[in-house]
Amino acid sequence: RHIPNRVRKEGLRAFLDDRGFSSTYDIVVLPCDAKTKRNRGYGFVNFVQHQDFLRAMRELGGLQVDAKQSKKITQVSVADEQLGSKRRVGLQ
């Protein structure tokens, strides 16, 4: 959450890769507003390995995706569709 709305999918991937997550995820989704063509401020990342998911949960919150564009601070959480799986992924 709190991804600056001018960041594109490639920018989110670069943000992840620059922090050592290159090759740890297989899907990045950054929903966009159809009218403005800008992202909605949140995205989804699917990590291939459980340990990379846990590391992302620890390390990616509290950062700025693009400090030049926005002072927004990232917030990392499990997607709503996964809430029933919190126990399975080690969050409860």
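The paragraphs below set out a description of the structure included in this document. Note that this is a predicted model, so its numbers are computed, not measured.

**Topic: the nonpolar core**
In globular proteins that are soluble, nonpolar side chains generally tend to be buried together.
Line of reasoning, step 1. Within the largest apolar cluster, 15 residues are counted, with the highest numbers of intra-cluster contacts made by Ile3, Leu12, Phe15, Leu16, Phe21, Phe47 and Leu60.
Line of reasoning, step 2. For this core, the leading source of residues is helix α1 (residues 9-21), giving four residues.
Line of reasoning, step 3. Once you skip the residues sitting within four places of it in the chain, Leu60 turns out to touch Phe15, Leu16, Arg19, Phe21, Thr74 and Val76.

**Some details on the packing of α1 against helix α2 (residues 50-59)**
Line of reasoning, step 1. Contact pair α1 / α2: the axes reach a minimum separation of 12 Å and the direction vectors enclose 105°. As far as their axial angle goes, α2 and α1 are roughly perpendicular. The segment α1 lies against α2, with Arg19, Gly20 and Phe21 engaging Asp52, Arg55, Ala56 and Glu59.
Line of reasoning, step 2. When the residues that make up the contact of α1 with α2 are grouped by side-chain class, the tally is two nonpolar, one polar and four charged.

**Points about the packing of aromatic side chains**
Line of reasoning, step 1. As enumerated under the stated definition, the model contains three aromatic pairs in all.
Line of reasoning, step 2. Ring geometry for Tyr25 and Phe47: centres 6.4 Å apart, planes at 80°, overall edge-to-face. Taken together, the positions of Tyr25 in strand β1 (residues 25-29) and Phe47 in strand β2 (residues 44-47) put the pair 22 residues apart, joining distant regions of the chain. Comparing Tyr25 with Phe47 shows no difference in burial state: the two are buried.
Line of reasoning, step 3. An aromatic cluster is built from Phe21, Tyr25 and Phe47, whose rings are joined through pairwise contacts.
Line of reasoning, step 4. Just above the ring of Phe21 sits the side chain of Arg55; from NZ or CZ to the centre is 3.8 Å.

**A look at unusual backbone geometry**
Line of reasoning, step 1. The phi torsion at His2 lies on the positive side, around 70°, for a residue other than glycine.
Line of reasoning, step 2. Along the chain, the position of His2 falls in the segment before α1.
Line of reasoning, step 3. Looking at His2, the relative accessible area reads 38%, which means it is partly exposed.
Line of reasoning, step 4. Positioned with a positive phi, Lys37 is a non-glycine residue whose angle comes to about 65°.
Line of reasoning, step 5. When you line up the elements, Lys37 lands in the loop between β1 and β2.
Line of reasoning, step 6. Residue class for Lys37 comes out exposed when judged on its relative accessible area of 56%.

**Remarks on the environment of Val28**
Line of reasoning, step 1. With respect to the helices, strands and loops of the structure, Val28 is situated in strand β1.
Line of reasoning, step 2. Note: C-alpha distance between Val28 and Lys9 (19 residues apart in sequence) is 7.2 Å.

Cut-offs and rules
- Residues numbered from 1 in each chain as written.
- Predicted model: local features only at pLDDT ≥ 70, side-chain atom pairs only at ≥ 80, totals over all residues.
- Heavy atoms only, no water.
- Core = buried A, V, L, I, M, F, W, Y, C linked by side-chain atoms within 4.5 Å.
- Buried < 20%, exposed > 50% of the residue type's maximum accessible area, 1.4 Å probe, protein only.
- Helix = DSSP H or I, 4+ residues; strand = E, 2+ residues; numbered from the N terminus.
- Contact = heavy atoms within 4.5 Å.
- Axes fitted to C-alpha atoms, helices over the stretch in contact; angles between N-to-C directions.
- Parallel < 35°, antiparallel > 145°, perpendicular 65-115°, else oblique.
- Nonpolar A, V, L, I, M, F, W, Y, C, P; charged D, E, K, R; others polar.
- Phe/Tyr/Trp six-rings, centres within 6.5 Å; stacked < 30°, edge-to-face > 60°.
- Lys NZ or Arg CZ within 6 Å of the ring centre and 35° of its normal.

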